[in-house]
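Structural characterization, general
The residues making up each chain are set out below.
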Amino acid sequence: MGRKTSFHVPVGTPLQVTDQTPTLFRPLKIRSVTLRNRICVSPMCQYSLASSGASVGALTPLYYTTIGHYVFKGAALAMVEATGVNYAGRISPKCPGLWNDTQEESLRSLASFIHSVGGVCGVQLSHGGRKSSTQPPLVAAELGLYSARADAKDDGWPEDVVGPSGGIDQVWDGKRPDDPTGGYHSPREMTVEEIQSVVDDFAKSAQRAVRAGVDVVEIHGAHGYLLHQFLSPLTNRRTDAYGGSFGNRTRLLIEIIKSVRSVVPDTMPVFLRVSATDWMEETDLGRTLGSWDEQSTIRLAMMLPDLGVDLMDVSSGGNHHAARYNVFDAGVRQAEIASRVRAALRTAHKSLLIGTVGCITEATTARDIVQLDSLGAAAADVVFVGRQFLRDPDFVFHAAEELGVDVQWPPQTRRAKPARPSL
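Residues numbered from 1 in each chain as written. Predicted model: local features only at pLDDT ≥ 70, side-chain atom pairs only at ≥ 80, totals over all residues. Heavy atoms only, no water.

A word on the sheet that holds strand β11 (residues 353–357)
- A barrel is described by the order of its strands in space; here eight strands give the closed sequence β3-β4-β5-β8-β9-β10-β11-β12, paired in parallel fashion. Direction aside, the axes of adjacent strands within the sheet are offset by 25° on average.
- Sheet topology note: the strand β3 (residues 39–41)/strand β12 (residues 382–385) ladder contains three bridges and is parallel. Note that in β12 the partner of C40 across the bridge is F384.
- Contacts from helix α10 (residues 294–307) reach β9 (270–275) and β10 (311–315), with the element oriented near 170° to β9.
- Along the sheet, helix α11 (residues 332–347) makes contact with β10 and β11, crossing β11 at roughly 170°. (Pairing = 2+ DSSP bridges. Helix = DSSP H or I, 4+ residues; strand = E, 2+ residues; numbered from the N terminus. Axes fitted to C-alpha atoms, helices over the stretch in contact; angles between N-to-C directions. Contact = heavy atoms within 4.5 Å.)

Below, the structure is given as structure tokens:
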């Protein structure tokens, strides 16, 4: 391919593609959406929104200067953080939602901004389940706690914290309601009617995302939130059609996938984020009750192409306080699992893209995860980068420079682009 000179070349796109251009800086088409490279912004909670009033859960211009800025600096896709499909589905009172017109309009404004700088906008639809109605982490930290409950006086909803199973033994951190160091409410078991209502809420939020101009919808099935709680026998003790067997435990997720896929255009990609393992297999509790593990994830992955899911984003952990690793420290292990999931899909001739996340801080790490070998094998098709963007909003440009790829910079900042030696 020849050298590109157009002023309108998307930021973060190589100006010249050769056989040596790493896969990390090659485009990827997913249905009608084209990612200009393989570096995506992972959804990261900011806990910065109104917790009450007319603007509850509505995005603010802060999002232009955070995830919008990462796209301005070359990221292929910016994913809006866990967004509650209903009032009680938010993680904290300060989290976003997508159940009313004000929230939809705020998302439209962000999507328009991201499109104006040539990027792709996604939204992660979520329900917090038993981990909902908690205080923002900074509030908990000021109290010297890992997590803190949000009560009614904090704009929380302690009476509406739900899960597949309920009771004191289902509190995430294992602490009783009268323990002042406890950070989570005791959930109540959802009725079948409430389960069906959540399925409808995911579909309605997906419709709002489409109207807002979002390009990608992701279903949050990871990190110990509601859908992950249904998947894992650690947290799903139901004896009805939504508990027990693998088919029953995956029933809610499958119903939600079908409901979302049915209301979004055929041209729109649908992603699914999963915790590939609870990291509880080696514990007494895991051996007694069973847990969600890598083989469960592979089994689920085999089903996703026929359901219309385009990409599985492989994360891990978050469903139990005693897990060997948590959401933030599994690191490279997640890419290793992603590689095995992708290999299993290829062996089964299943077409499903794979992404992964976790401590991707170096350009070479990102490159190696997605680099295709002569047989088309790689650990993943895209990387989702989180904390490194917080440290370095120019991560895409720095990665390109380190890997020897000359990429397009924004015209507004091009005067600061480092000079490259003449060939």
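Having seen it, we continue.
Observations regarding the UniProt feature "domain: NADH:flavin oxidoreductase/NADH oxidase N-terminal" (unreviewed entry) in the protein chain
- Following the UniProt record, one finds the feature "domain: NADH:flavin oxidoreductase/NADH oxidase N-terminal" (unreviewed entry) at residues 24–403.
- Taken end to end, residues 24–403 comprises 35% helix and 14% strand; its first and last C-alpha atoms sit 10 Å apart. (UniProt positions renumbered as here; feature names shortened; annotations may be inferred.)

Some points on the packing of aromatic side chains
- One pass over the full model with this rule turns up eleven aromatic pairs.
- Between the aromatic rings of F246 and W292, the centroid separation amounts to 5.8 Å while the plane-to-plane angle is 10°, which identifies the pairing as stacked. Of this pair, F246 sits in helix α7 (residues 246–249) while W292 sits in the loop between α9 (284–289) and α10, placing them 46 residues apart in sequence.
- Among the residues examined, F246 registers a relative accessible area of 10% and is labelled buried.
- Relative to F395, the ring of F389 lies with its centre 5.8 Å away and its plane at 80°, an arrangement referred to as edge-to-face.
- According to the relative accessible area criterion, F395 is buried, its value standing at 3%.
- Each residue in the set Y70, F389 and F395 is aromatic and connected to the rest through ring pairs, giving one cluster.
- It is K131 that lies over the ring of Y225; its NZ or CZ is 4.9 Å from the centre.
- Above the face of the F246 ring, R299 is positioned so that its terminal group lies 4.0 Å from the ring centre. (Phe/Tyr/Trp six-rings, centres within 6.5 Å; stacked < 30°, edge-to-face > 60°. Buried < 20%, exposed > 50% of the residue type's maximum accessible area, 1.4 Å probe, protein only. Lys NZ or Arg CZ within 6 Å of the ring centre and 35° of its normal.)

Topic: the pattern of salt bridges
- Taken as a whole and assessed by the stated rule, the structure comprises 22 salt bridges.
- The partner of K73 in a salt bridge is D394, and the shortest N-O contact between them spans 2.7 Å. Note that K73 is positioned in the loop between α2 (67–72) and β4 (77–84) and D394 in the loop between α13 (387–391) and α14 (395–402), a separation of 321 residues in sequence.
- Given a relative accessible area of 11%, K73 falls into the buried group. (Salt bridge = Lys/Arg side-chain N within 4 Å of Asp/Glu carboxyl O.)

Topic: the packing of helix α3 (residues 101–116) against helix α5 (residues 192–211)
- Two numbers describe how α3 lies on α5: the axes approach to 9 Å, and their chain directions differ by 40°. Of the possible angle classes, the one that applies to α3 and α5 is oblique. In the crossing of α3 with α5, the sense of the turn from one axis to the other is right-handed. Within the contact between the two elements, α3 uses D101, E104, L107 and R108 and α5 uses R208, A209 and R211.
- Looking at the contact of α3 with α5 residue by residue, the classes come out as two nonpolar, no polar and five charged. (Parallel < 35°, antiparallel > 145°, perpendicular 65-115°, else oblique. Left-handed = near helix turned anticlockwise from the far one by under 90°. Nonpolar A, V, L, I, M, F, W, Y, C, P; charged D, E, K, R; others polar.)

A few points about the side chain of Q388
- You can see Q388 is positioned in helix α13.
- Here the side chain of Q388 touches R391 through a polar contact of 3.0 Å, side chain to side chain.
- In this view, Q388 contacts I360, T361 and F395; residues no more than four positions away in its chain are not counted. (Polar contact = N/O pair within 3.5 Å; in protein donor to acceptor, adjacent residues only side chain to side chain.)

Overview of α14
- Within α14 the residues assigned to the buried category are F395, V396, F397, A399 and A400.
- Buried residues in α14 make contact with β3, α12 (363–370), β12 and α13.
- Just beyond α14, the residue with positive phi is G404, at close to 75°.

Section: the pairing of β4
- Buried residues dominate β4, accounting for eight of its eight residues.
- Sheet topology note: the β3/β4 ladder contains two bridges and is parallel. Paired with C40 across the two strands is L77, which belongs to β4.
- Where β4 and strand β5 (residues 120–126) come together, six bridges link them in parallel fashion. If you follow V80 over to β5, its bridge partner there is V123.

A word on the packing of α5 against helix α8 (residues 251–263)
- Remark: α5 packs on α8, axes separated minimally by 9 Å, with the N-to-C direction vectors making an angle of 30°. Relative to α8, the element α5 is oriented roughly parallel. In terms of crossing hand, the pair formed by α5 and α8 is right-handed. Counted together, I195, Q196, V198, V199, F202, A203, A206, Q207 and V210 of α5 and L252, E255, I256, S259, V260 and V263 of α8 form the full contact between these two elements.

Overview of α5
- Between its terminal C-alpha atoms α5 stretches 29 Å, which fits the 28 Å expected from 20 residues at 1.5 Å a residue.
- For α5, the set of buried residues is I195, V198, V199, D201, F202, A203, S205, A206, R208 and A209.
- On its buried side, α5 packs onto α3, β5, β8 (216–221), α6 (226–231) and α8.
- Following α5 by one or two positions, G213 has its phi on the positive side, about 90°. (Expected span 1.5 Å × (residues − 1).)

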